[in-house]
Amino acid sequence: MSYIKSKNTACLILFIFCLYTTIIHAEESNLKRLANKMVPNQAKNIVFERIIDGTDFFELETKGKKLIIRGNNGISMARGLNHYMRYYLRKTTSWTGHNLSYTSSLPVVKEKIRVNATLPLRYYLNYCTYSYSMAFWDWTQWEDEIDRMAMQGINMPLVAVIGQYAVWQNTLRRLGYSEKEIIDFLPGAGYEAWWLMGNLEKFGGPVSQQFIDRQTKLQKKMLDRMREYGMEPVLQGFYGMVPNSMITKFPNADIRDAGKWITYQRPAFLVPSDPLFAKVAEIFYEEQKKLFGESRYYGGDPFHEGGNSKGINITEAASNIYKAMKTNNPNAIWVLQGWSGNPSAALLKGLKHGEALVLDLMACARPQWGGEPSSSFHREDGFLDHNWIWCALPNFGGRIGMYGKLQSYATGVIKAEHHPKGKYVCGIGTTPEGIGTNPINYDMVYDMAWRTDSIDIKSWIANYTTYRYGSENSNAKAAMLQLSTSVYNCPWAADGPQESYFCARPSLKIDYVSSWGTAHLYYQPINVLQALEHLLKAEKELGYIDTYRYDVVDITRQMLADYGKYIHKCISDAYKEKNIKKFDLYTSKFLQMILDQDLLLSTRKEFLLGEYIRQADTCGSIPTEKRMFINNAKRQITSWTSVNSSLHEYAHKEWNGILSTLYAPRWKVYFDYLHAKLEGKNPKEIDFFAMETCWIESKEKFSAVPVNKEIEIAKTIYHNYADEINQVLSLIHISEP
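Parameters at a glance
- Residues numbered from 1 in each chain as written.
- Predicted model: local features only at pLDDT ≥ 70, side-chain atom pairs only at ≥ 80, totals over all residues.
- Heavy atoms only, no water.
- Helix = DSSP H or I, 4+ residues; strand = E, 2+ residues; numbered from the N terminus.
- Rg over C-alpha atoms; globule rule 2.2 N^0.38 Å.
- Buried < 20%, exposed > 50% of the residue type's maximum accessible area, 1.4 Å probe, protein only.
- Contact = heavy atoms within 4.5 Å.
- Areas by Shrake-Rupley, 256 points an atom, 1.4 Å probe, with all protein chains shown as cover.
- Lys, Arg positive; Asp, Glu negative; His and termini not counted.
- Charge placed at Lys NZ, Arg CZ, Asp CG, Glu CD.
- Axes fitted to C-alpha atoms, helices over the stretch in contact; angles between N-to-C directions.
- Parallel < 35°, antiparallel > 145°, perpendicular 65-115°, else oblique.
- Left-handed = near helix turned anticlockwise from the far one by under 90°.
- Nonpolar A, V, L, I, M, F, W, Y, C, P; charged D, E, K, R; others polar.
- Salt bridge = Lys/Arg side-chain N within 4 Å of Asp/Glu carboxyl O.
- 1 Å grid on protein atoms, 1.4 Å probe; cavity = no way out; pocket = protein on both sides within 12 Å on 5 of 7 lines; lining within 4 Å.
- Points joined across faces, edges and corners; volume = space filled by probe spheres on them.
- Pairing = 2+ DSSP bridges.
- Phe/Tyr/Trp six-rings, centres within 6.5 Å; stacked < 30°, edge-to-face > 60°.

Draft legend 1. Highlighting the overall build of the protein. Across its full length, the protein holds 25 helices and 19 strands. What you see for the protein is a C-alpha radius of gyration of 27 Å, in line with the 27 Å of a compact globule of 737 residues. On the principal axes, the C-alpha backbone points of the protein span a range of 100 × 75 × 55 Å. Taking all 737 residues of the protein together, 62% fall into the buried category. Taking contacts inside the protein between residues at least 6 apart in sequence as the whole, the part at least 24 apart equals 75%. As displayed, the protein offers around 28300 Å² of accessible surface, 53% of which is attributable to carbon and sulfur atoms. Side chains of the protein give 84 positive and 78 negative charges; the mean places of these two sets differ by 3 Å.

Spelled out as structure tokens, the structure:
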């Protein structure tokens, strides 16, 4: 008997050893792939060494001609590689250009350095990001994104979205649903986020089985790569969201009509105290585990942005939701979005310390953790005694515009750590609704996870500028410092960038383009013009750098958008004065500015509507689905939904293609309407929604190939407008909404 026990023990030890060896080999292979991607001609001289340690850390050391990067896991070592690239090689990679030029040798690390993570959790993503920015991504884009995550040190990404089609398909099959009934519940690409947050069902569909299989395969690859790095992804939890059809399918169960979200009927809510809840939860977690393995973290928010909770014991419901999670995984942690009144105190009281982890979704501007009484989202008791993560939310709707809150990013989490009400903060993160802009915000936020003190913004900006452009340059530094105290230092709790009038539904008075946004400037526009002037002076030294070319275009775009606000005021004044000559002069100029903006943005892939349409087309598996996904893509950035509602322009994009084919014509129709009124005529009222619908359904083609003339076109626009902008800047005022 003792022999058998010894043999079994030996086999177990051998199995664990083999498993550990396999994991280490996969991690090392992945890191070598990353090094070859970032510094291909020197990757052979980079050695990764894993050291067992309970704290995330990385070390950098030079031995002979080799760079040794040590860390306790793949993420830490990827962060170490990023640190070396930034501060020794002066290189970077981002959504908005790359600075990865040839490396002739590896600079010596004179003395070994060690950097410890001061915050154990580094969270990333928002449900909305998957729909506003990633709806049509393929593996190539995801591979790049996961590599960027690792290099930032992110270890807790949200991955709850694209694979849910198959999870729900398999779950509902086991509950007796037909294939048609299942498909009628699933949304189309571009609308998954609001389905999983309990806001809508079906809209934008139906989706094909090929598409479901594509998304399932893609999420498996994503999870494999994330786990190779050592990340712990957040998967979806079951919190009671079910198809409305379940109300009639299970008439004896306590399933509630959850009410409306904006114009949509929400999915139904299966009350967690009902016996059916435990059954559905068990099936859901079983099917998810079969497809995607197990996770420690599960997301899901009952009553997100409202929802009918009348007559429901919220505290009891929370306890039962978590009980189902824990039955599936004894180590489960429920990840909740701290947004507006969610999660309620009643919900949090149903959970013990350690069972929940709350994301203070916009702690950078509307903190809820309890230590900022002036916050519009202030909660006196914060998140009670639950662990929470300080998050920055730098973007809403994937909207375009230069924006940031550097002062908040540089100090916010430190303040929380030293405040009595912040004692349970255990991480930092970003929760953007859309990505692809303003990488400066993300670099600073994730730098805070590896520091013990606040950031000195001025010195940090000097380092950022150097690694963004590859060398020290006084003009580039002056430009970035100018931006850091203006567009990147918003003093308000704004919902992302200040919106461009070019993208607005036409009106003589514009406070916002999207219903919850703002078009009011919080900075003096001369700062943007001066930053552009400084940056253009660096063309000789930096003109070949991709990141430089992107920034020149983006700053020029911001300059033109800001000036558009002044020209719009001139139009409004001329109309009120009934001065047709001035009205025609300024409306003509405004329309030309939109077309100039369109031309400027044709030079960068990041600003091409055609690239977005290409992704949507590629994502579809059959012609009808391709067309549907293209329409979904175009609808989301215009009317958002199929009826005229407050959602219009929520996800508007200042992009090449839409500026010339929708925004300019829309303003032209409006100006013609006003002109007719000035002439004493009675023109027909304009149906902007009908215009937008026609644009959505049109089959016009858009280029997905940029015109490689960034600097040339930007300089032309600068020379065409700079003098007149300087003359009128004193008339452009900042005002808090």
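Draft legend 2. Focus on the packing of helix α2 (residues 74-89) against helix α14 (residues 439-447). The contact between α2 and α14 brings their axes to 13 Å, and the two run at 120 degrees. When the interaxial angle is binned, α2 and α14 end up oblique. Between α2 and α14 lies a crossing whose hand is left-handed. The segment α2 lies against α14, with R79, R86 and Y87 engaging D443, Y446 and D447. Its residues placed into classes, the contact of α2 with α14 shows two nonpolar, no polar and four charged.

Draft legend 3. Structural view of the pattern of salt bridges. All chains considered together, the criterion is met by 54 salt bridges. Linking E143 and R33 is a salt bridge whose minimum nitrogen-to-oxygen distance equals 3.7 Å. Of this pair, E143 sits in helix α4 (residues 139-152) while R33 is found in helix α1 (residues 2-38), placing the two residues 110 residues apart along the sequence. A relative accessible area of 22% places R33 in the partly exposed class. Ionic pairing is found between R70 and E61, a salt bridge with its closest N-O pair at 2.8 Å. Both residues of the pair, R70 and E61, count as buried.

Draft legend 4. Highlighting the packing of helix α15 (residues 457-469) against helix α16 (residues 474-484). One way to put it is that α15 packs onto α16 with a least axis distance of 9 Å and a crossing angle of 130 degrees. Considering their axes alone, α15 and α16 lie oblique with respect to each other. Of the two elements, α15 crosses α16, and the hand of that crossing is right-handed. Of the residues in α16, those in contact with K458, I461, A462, Y464, T465 and Y469 of α15 are A476, K477, M480, L481 and S484.

Draft legend 5. Fine view of the layout of surface pockets. By volume, the largest pocket amounts to about 880 Å³. Lining the largest pocket are 37 residues, with W95, Q141, K605, E606 and Q615 sitting closest to its centre. Counting only elements with at least two residues in the lining of the largest pocket, the list comes to β5 (97-99), α4, α19 (546-576) and α21 (609-619).

Draft legend 6. Focus on empty space enclosed by the protein. According to the stated counting rule, one finds seven cavities of 30 Å³ or more in the structure shown. Volume-wise, the largest cavity comes out at about 260 Å³. Lining the largest cavity are 19 residues, and of these T93, S94, R148, Q152 and D443 lie nearest its centre. Elements represented by at least two residues in the lining of the largest cavity include exactly α2, β4 (92-94), α4, α14 and α15. For the lining of the largest cavity, the element with the highest residue contribution is α4, accounting for five residues. The class makeup of the residues in the lining of the largest cavity is nine nonpolar, five polar and five charged.

Draft legend 7. Representation of the sheet that holds strand β18 (residues 387-392) in the model. Strand order in the open sheet made by the eight strands is β8-β7-β19-β18-β17-β16-β15-β9, with parallel pairing throughout. Two strands in the sheet have a free side with no partner beyond their single neighbour: β8 (156-157) and β9 (234-236). Here β9 pairs with strand β15 (residues 297-299) via three bridges, running parallel. From the neighbouring strand, L235 faces β15, where its bridge partner is Y298. Packing against the sheet, helix α11 (residues 314-328) makes contact with β15 and β16 (333-338), and its axis sits at approximately 135 degrees to β16.

Draft legend 8. Expanded view of the packing of aromatic side chains. In total, this model carries 56 aromatic pairs according to the counting rule given. Their ring planes at 80 degrees and their centres at 5.9 Å tell us that F590 and F671 sit as a pair that is edge-to-face. Residue F590 is found in helix α20 (residues 580-601), and its partner F671 is found in helix α23 (residues 658-678); the two are separated by 81 residues along the sequence. F671 shares its class with F590; the two are buried. Centre to centre, the rings of W667 and Y670 are 6.0 Å apart; their planes meet at 75 degrees, and the pair counts as edge-to-face. Of this pair, W667 and Y670 both sit in helix α23, separated by three residues, roughly a single helical turn.

Draft legend 9. Structural view of the sheet that holds strand β6 (residues 113-116). Pairing is mixed in the open sheet, where four strands are placed in the order β1-β3-β2-β6. In this open sheet, the two edge strands, each paired with only one partner strand, are β1 (46-50) and β6. Within the sheet, the average angular offset between the axes of one strand and its neighbour, ignoring direction, is 20 degrees. Examined bridge by bridge, strand β2 (residues 57-63) and strand β3 (residues 66-71) share six bridges and lie antiparallel to one another. If you follow L60 over to β3, its bridge partner there is I69. Contacts from α2 reach β1, β2, β3 and β6 within the one sheet, and its direction differs from that of β2 by about 55 degrees.

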